Amino acid sequence: MAKPEIEHEEHFDVLTRTGQMTGVSKPRGEVHRDGDYHRAVHVWIFSESTQELLLQRRADCKDSWAGFWDISSAGHISAGDSSLITARRELHEELGVILPKDAFELIFIFLRECVLNDGKFIDNEYDDVYLVTTLAPIPLEAFTLQESEVSAVKYIPFEEYKNLLAKKDPEYVPYDVNGEYGQLFDIIARRYKENMETRSLALQKQLSRYACISLGAELEGLTEADKEALALLIKAGTIIDDIFHLQVWYSNPTLRDWLKEHTEISHLDKLKWMYYRINKSPWSSLDENESFLTTADSAVKLLPEATKPVTGWKGLQYRTAFPMLKPPGANFYPQDMDKREFELWMDKLTGDQKQDATGFFSVIKRQSETNLDTFLSENTTSSIDHQVGFGHDLYTVPYSQEYKNFLGKAAELLHKAGDLISSLSLKRLLHSKADAFLTNDYYDSDIAWMELDSKLDVTIGPYETYEDAIFGYKSSKGVMSKAAGILMQKLGVVGHSVWFSAFSRDFALQVDLHSILLVGAPPCPKKLKRKVIVLLSYLFVERDSFSWKCVSVTFPSEKRGIRGGAATLKAVPGTKATFELFVGVRDDKATAQVKLFGDHLQVLEQNLPMDNVYKSQDIIAAPIRVIQLIYNSGDVKGPQTVAFNLPNDERIVKDRGTSMVMLKNVSEAKFKHILQPIAEVCIAKEQQDYVDFDSFFTHTICHECCHGIGPHSITLPNGEKSTVRLELQELHSALEEAKADIVGLWALKFLMVQELLPKSLTKSMYVSFLAGCFRSVRFGLEEAHGKGQALQFNWLFEKGAFIWHPDETFSVDFSKVDAEVESLSREILTIQAKGDKKAAEALLEKYCKLSQPLKVALKKLENIQSMEGGRFQNKFASIIHDDGSLNQWVSYYGHSRLADYPAISFEVNGVQLILHPLASCHNVLDRAWVPVDIAPKFPVADEILANN
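Residues numbered from 1 in each chain as written. Predicted model: local features only at pLDDT ≥ 70, side-chain atom pairs only at ≥ 80, totals over all residues. Heavy atoms only, no water.

1. Observations concerning the sheet that holds strand β24 (residues 624–634)
Step number 1: On the basis of which strands lie adjacent, the open sheet formed by five strands has the order β17-β23-β24-β26-β25 and mixed pairing. Because the sheet does not close on itself, it has two edges, and the strands there are β17 (456–462) and β25 (643–646). In this sheet, adjacent strand axes meet at a mean angle of 35 degrees when their direction is disregarded.
Step number 2: Looking at chain direction, β17 and strand β23 (residues 579–586) are connected through seven bridges and run antiparallel. Among the inter-strand pairings, P462 is bridged to a residue of β23, identified as F579.
Step number 3: Across the sheet, helix α14 (residues 424–439) lies against β17 and β23, angled at about 15 degrees from β17, the strand it touches most. (Pairing = 2+ DSSP bridges. Helix = DSSP H or I, 4+ residues; strand = E, 2+ residues; numbered from the N terminus. Axes fitted to C-alpha atoms, helices over the stretch in contact; angles between N-to-C directions. Contact = heavy atoms within 4.5 Å.)

2. Some thoughts on the packing of α14 against helix α15 (residues 443–450)
Step number 1: The contact between α14 and α15 brings their axes to 8 Å, and the two run at 155 degrees. By the angle between their axes, α14 is roughly antiparallel relative to α15. The element α14 and its partner α15 pack so that their crossing is left-handed. On α15, the residues touching R428, L429, S432, K433 and A436 of α14 are D444, S445, D446, I447, A448 and W449.
Step number 2: Grouping the amino acids of the contact of α14 with α15 by side-chain chemistry returns five nonpolar, two polar and four charged. (Parallel < 35°, antiparallel > 145°, perpendicular 65-115°, else oblique. Left-handed = near helix turned anticlockwise from the far one by under 90°. Nonpolar A, V, L, I, M, F, W, Y, C, P; charged D, E, K, R; others polar.)

3. A word on the pairing of strand β7 (residues 105–116)
Step number 1: Among the 12 residues of β7, 10 are classified as buried, and the element is accordingly described as predominantly covered.
Step number 2: Where β7 lies against strand β8 (residues 121–134), 11 bridges are found, and the strand directions are antiparallel. Following the sheet pairing, L111 is matched in β8 by Y126.
Step number 3: Between β7 and the antiparallel strand that follows it, β8, lie four residues; N117 among them carries a positive phi value of about 50 degrees. (Buried < 20%, exposed > 50% of the residue type's maximum accessible area, 1.4 Å probe, protein only.)

4. Considering helix α27 (residues 837–847)
Step number 1: What α27 keeps buried is the set K837, A840, L843, L844 and Y847. The buried residues of α27 occupy an angular sector of 125 degrees when projected down its axis, which confines them to one face. Across from the buried face of α27, at angles greater than 90 degrees, the exposed residues are K838 and E845.
Step number 2: Looking at where α27 begins, the residue whose side-chain oxygen comes 3.3 Å from the main-chain nitrogen of K838 is D836. (Arc of directions from axis to C-beta. Polar contact = N/O pair within 3.5 Å; in protein donor to acceptor, adjacent residues only side chain to side chain.)

5. Brief notes about the side chain of E105
Step number 1: Within the secondary structure, E105 sits in strand β7.
Step number 2: When its relative accessible area of 1% is taken as the criterion, E105 is described as buried.
Step number 3: Here T295 takes part through its side chain, which lies 2.9 Å from a polar atom of the side chain of E105.
Step number 4: With residues up to four places along the chain from it excluded, the contact list for E105 reads V129, Y130, L131, R191, T295, A321, F322, P323 and M324.

6. A few points about the side chain of N665
Step number 1: Positionally, N665 belongs in helix α20 (residues 664–682).
Step number 2: Side-chain polar atoms of N665 contact the backbone nitrogen of L629, separated by 2.8 Å.
Step number 3: Residues contacting N665, with those up to four places away along its chain left out, are L215, G216, I627, Q628 and L629.

7. Topic: the pairing of β23
In regular strands, side chains alternate between the two faces of the sheet.
Step number 1: The buried fraction of β23 amounts to eight of the eight residues, a majority that puts the element mostly inside the structure.
Step number 2: Where β23 meets β24, seven bridges bridge the pair, whose relative direction is antiparallel. Paired with G584 across the bridge in β24 is L629.

Any functional reading would require information that these geometric values do not contain.
Structure representation (structure tokens):
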């Protein structure tokens, strides 16, 4: 068949070799003639029940691979178009299948480079590869084929198709299944061939890192009207939770409801739901947002009108999709928006429009998506207009409109609660916040929050911005244009050929608040097959924002053993704010104690152990409130915060500063379930009684206050004005955390000498601090708190202030610790005051390491676990061999409230085994944990909701 005449030849955006937009577009024919890099989409339809992929036979008139069997649907991304819009449109045009965006899962990006037609057709193409998962095959008669593109379709088992490609069958478009495109088959195989027991064990291991505890709070001091208002606030909190789930990802609420409804089907389903509730998404907060669920676990939707009707077939059923990598832009931006598109759009906006687009309280959407949804809803078979361009496709929607249905209900509840409250400051806060929900102006309500003086303490609204990471990655190396060279040098591959592939453009990896450590320490694991995944920047430095890539690097065989080299990345807040709620009862005694520190910050500053020339004369303390938490919701996933500092509005911060809220009962829970078990193992028996909560919490308060004293704005030796952060760059966070800790100890001792605190705190303060060192360090030295703690421990150990005993426990030498705390305080403060990066590097290099005493302590912590309701021990034989096969265990004994956690039973060699998720078993859970954090329940709130 002759190729139909094209009146206006399609244009493609031209990319660089590394996938960056050049700003140039060219006609399709010229792009393939000149070998320009460009973009396309691949859409694979996979039938879950039959394990088959849908293939199409390319029309005989195609200019490449005519008559060959190929991808379910594919097409070029036209100039100015977006990836997901193109994928949806191509599927509709080529096969007559209409699907919403939540059916498409971007699984990887593939660079295809090939030459066809005797060199006349050069295809250098970045392909966004999507997977659509249906429950069963779509009947072939349901498809409407586009004759100019597709001549036939068929289903084929995915393993059979893989084998045909491996054999280079001449009827199929070739793909290297042993190379990057093999990911398609690997992903499917992993999802549907993984053993249920193996998955259950993995989820149990993840769950075991959280101690499931109940957080209580006394309601004494609250009036009956306050309690009625509290019920309304908790109801509002459930709405805030709904908004947050939607902000994380657009199919996240559907996934939540599906997992909840199916929790009783099996033990594995219950484990999925339990771990999902902690993370509020399919991505694990403690594992750098690695997914613990896949689209195969997700909800099923029925679309009767997705295709032509077929007699006896009820319609297409598909799995709602979510990506394996947590989207850096969450649900605040279009999934397929890249940085270049955003910047080109921003360049065309006015000042006020730019403020709206980059402000805390708006989302960014596509007009083309709205248009496509409208078009597809008409279920027409005509062709879709491709005319979409940068600069006018994106638009801004304020939160008050985007979440209108949710916020309207929440505002009504806040107004009702405000009418009941007797406290004038809380009444003002609730009414102003309700108004803000509807107007999108939060300034007055944030001022009201800062001025809150009420027994019932409330924080509600859009505040934290960590979910928005699309432009938020900062490099600790400072000059990202050199990052590639630095990383390759550290990996020991300088001067060797390196092949880059896989993820391109702005497909950034979300790393939460943890740092990334490159794979190192020879030998390389065999499963990596001489490949190591690294994070790399492609020379993109602009307005402190960086474009990151996930790339696969193949090393020459002689470089198989890679010496550890690390590049530290820190996730920093973006701009879009997530909704959250904290409701608690103010702890008046603890709040008064906090005031003591605030009132004496200037005195502490003037007495700091550093030269007077570096001391500030203008110290302002941030107001701090201490509460007993009753209920939280919204952005409170994963590890629980013990304090928060708000607001983030720069106008308010500049004029009024910030306020801090500390959650005392959360700190108590962490002390009981984490720090105390550590102390019982790592602290010498004669000093264990010194580890107490009052000392721990007092030092926590002082730590926060001490962030506000010491050098911040500094004058360099050449007279230039600067800041500590700017001069120390990537070293600042670790040194600042160490400063707040060690100066906090010094400050407590100073206040005791001044008789402002009881001297009886002295020993407990130091021993509790020693136990806390092991708490932070065991999570690695790539995070600022861990680095800071290692620095302090190793300094004090070297100076003799900490003692390591033959039984591998530790104690404090009270005769030396005062002087050495002061000496380290002086060292760090002086480095900060001078902005001396070389001295900071030397200090961290010498002391920020996993020394032998720390290694021994961490090893001991592998043998204990803490659970609500009591301590227990387990004894097992190793039940997992190196090859992954199971053996039987010897025995299990212990006591705890195990009923809160479902057990798993399975049979091995005729032996029925029962494994509890929180059982500590070497080689099963890799290690036994003192919990990493807590997973709180709120019985007071539950009772209030039940009664209302």
